[in-house]
Amino acid sequence: MVDKPTKSEHGRQIDLPVVGTVPLPEPQHLAFYAVLVSLGILEIVEWPVVGIVGIGHLLASQRRHPGLQQAGEAAEAA
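This write-up is about the structure you can find in this document. (Residues numbered from 1 in each chain as written. Predicted model: local features only at pLDDT ≥ 70, side-chain atom pairs only at ≥ 80, totals over all residues. Heavy atoms only, no water.)

### Things to note about a nonpolar patch on the surface
The grouping of Phe32, Val49 and Val53 at the surface amounts to a nonpolar patch, some 200 Å² of accessible area in total. Structurally, Phe32 can be placed in helix 1 (residues 27-41). We classify Phe32 as partly exposed; its relative accessible area is 30%. (Patch = residues over 30% accessible without salt bridge, like charges linked within 9 Å, V, L, I, M, F, W, Y side chains within 5 Å. Areas by Shrake-Rupley, 256 points an atom, 1.4 Å probe, with all protein chains shown as cover. Salt bridge = Lys/Arg side-chain N within 4 Å of Asp/Glu carboxyl O. Helix = DSSP H or I, 4+ residues; strand = E, 2+ residues; numbered from the N terminus. Buried < 20%, exposed > 50% of the residue type's maximum accessible area, 1.4 Å probe, protein only.)

Here is the structure:
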């Protein structure tokens, strides 16, 4: 059974039985992904393009993630 989404210092997250705690994107990001997938389903955009744009958007939105920020600072110091 899936628990209700909870709010933490890192944003919304959901607890899944096998996977564990999974962070949920912000609502505007979910809307973007929904429109992107809809464009793929309607064959307006090719699926490889949908995948590339979706992954690019995901990576661009991760720039504020504290762990990635610390890794970037460590790489700069090296």
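Continuing now.
### A short note on the side chain of His29
Relative to the elements of secondary structure, His29 occurs in helix 1. Given a relative accessible area of 15%, His29 falls into the buried group. Side chain to side chain, His29 and His57 meet in a polar contact 3.5 Å long. When residues no more than four places from it in sequence are discounted, the contact partners of His29 are His57 and Ser61. (Polar contact = N/O pair within 3.5 Å; in protein donor to acceptor, adjacent residues only side chain to side chain. Contact = heavy atoms within 4.5 Å.)

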